[in-house]
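This is what each chain is made of:
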Amino acid sequence: QVQLVESGGGLVQAGESLRLSCAASGRTFSTYDMGWFRQAPGKEREFVAAIRRWGLGTYYADSAKGRFTISRDNAKNTVYLQMNSLKPEDMAVYYCAAGRGSAITLAREYDYWGQGTQVTVSS
């Protein structure tokens, strides 16, 4: 069982940055692929970024490439999402997830989810 707790969300202006953190419980964090997803009101949950276990590979949605960076610190059981040049369309609840599936960009591949953290971007 893995428990995930996100933090770092908030209200920023367009063009500013935020760093989201996701702290995981348990001793097996390094054996899970970790992903960030987001869901805006009235929209489906969508993939943002993911990082393979042991940091062996990162993946980004087109909307995140060049602006967001995912990283992990296995010693701290934490995954991060650095978000730069934020846009109003980035506004959503951001969720982190842990899984061991092969299709790392698909929500159904993840077994554990956090409660989410709100990111609000004003124009």
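Scroll up for the structure.
Here is a short report on the structure shown in this document. (Residues numbered from 1 in each chain as written. Predicted model: local features only at pLDDT ≥ 70, side-chain atom pairs only at ≥ 80, totals over all residues. Heavy atoms only, no water.)

## Side note on the pairing of strand E5 (residues 46-51)
Burial runs high along E5: five of the six residues are buried. Remark: six residues form the turn of the hairpin made by strand E4 (residues 33-39) and E5, two consecutive strands paired antiparallel; Gly 42 in that turn has positive phi of roughly 80°. Relative to strand E6 (residues 58-60), E5 is paired through three bridges, and the arrangement is antiparallel. When the sheet's bridge partners are listed, Ala 49 is paired in E6 with Tyr 60. (Buried < 20%, exposed > 50% of the residue type's maximum accessible area, 1.4 Å probe, protein only. Helix = DSSP H or I, 4+ residues; strand = E, 2+ residues; numbered from the N terminus. Pairing = 2+ DSSP bridges.)

## Regarding the sheet that holds strand E7 (residues 68-73)
If you walk across this open sheet you meet the four strands as E1-E3-E8-E7, and the pairing is antiparallel. Each having just a single partner strand, strand E1 (4-7) and E7 make up the two edges of the open sheet. Direction aside, neighbouring strands of the sheet carry axes that sit 15° apart on average. Sheet topology note: the strand E3 (residues 18-24)/strand E8 (residues 78-83) ladder contains six bridges and is antiparallel. Looking at E8, one finds that Ala 23 is bridged to Thr 78. (Axes fitted to C-alpha atoms, helices over the stretch in contact; angles between N-to-C directions.)

## As for unusual backbone geometry
With a phi angle near 55°, Asn 77 is a residue other than glycine that sits in the positive phi range. Judged by its relative accessible area of 17%, Asn 77 falls in the buried class. Phi is positive for Ser 85, which is not a glycine, with a value near 50°. Along the chain, Ser 85 turns up in the loop between E8 and strand E9 (92-99).

## Observations concerning the nonpolar core
Within the largest apolar cluster, 28 residues are counted, with the highest numbers of intra-cluster contacts made by Leu 4, Met 34, Trp 36, Leu 81, Met 83 and Tyr 94. Every element with two or more residues in this core is listed here: E3, E4, E5, E7, E8, E9 and strand E11 (117-122). Ignoring any residue separated from it by four or fewer positions in sequence, one finds Met 83 in contact with Glu 16, Ser 17, Leu 18, Leu 20, Arg 67, Phe 68, Tyr 94 and Val 119. In terms of nonpolar packing, the next biggest core, distinct from the first, is built from seven residues, Ala 61, Ala 97, Ile 104 and Tyr 110 among them. (Core = buried A, V, L, I, M, F, W, Y, C linked by side-chain atoms within 4.5 Å. Contact = heavy atoms within 4.5 Å.)

## A few points about the packing of aromatic side chains
Within the structure shown, the criterion is met by five aromatic pairs. Their ring planes at 75° and their centres at 6.0 Å tell us that Tyr 32 and Tyr 112 sit as a pair that is edge-to-face. Of the two residues, Tyr 32 sits in the loop between E3 and E4 while Tyr 112 sits in strand E10 (residues 110-113), which places them 80 residues apart along the sequence. Grouping residues by exposure puts Tyr 32 and Tyr 112 together as buried. Ring pairing ties together the aromatic residues Phe 37, Phe 47, Tyr 110 and Trp 113, which thus form one cluster. Above the ring of Tyr 95, the side-chain terminus of Arg 45 is found at 3.9 Å from the ring centroid. Above the ring of Trp 113, the side-chain terminus of Arg 45 is found at 4.7 Å from the ring centroid. (Phe/Tyr/Trp six-rings, centres within 6.5 Å; stacked < 30°, edge-to-face > 60°. Lys NZ or Arg CZ within 6 Å of the ring centre and 35° of its normal.)

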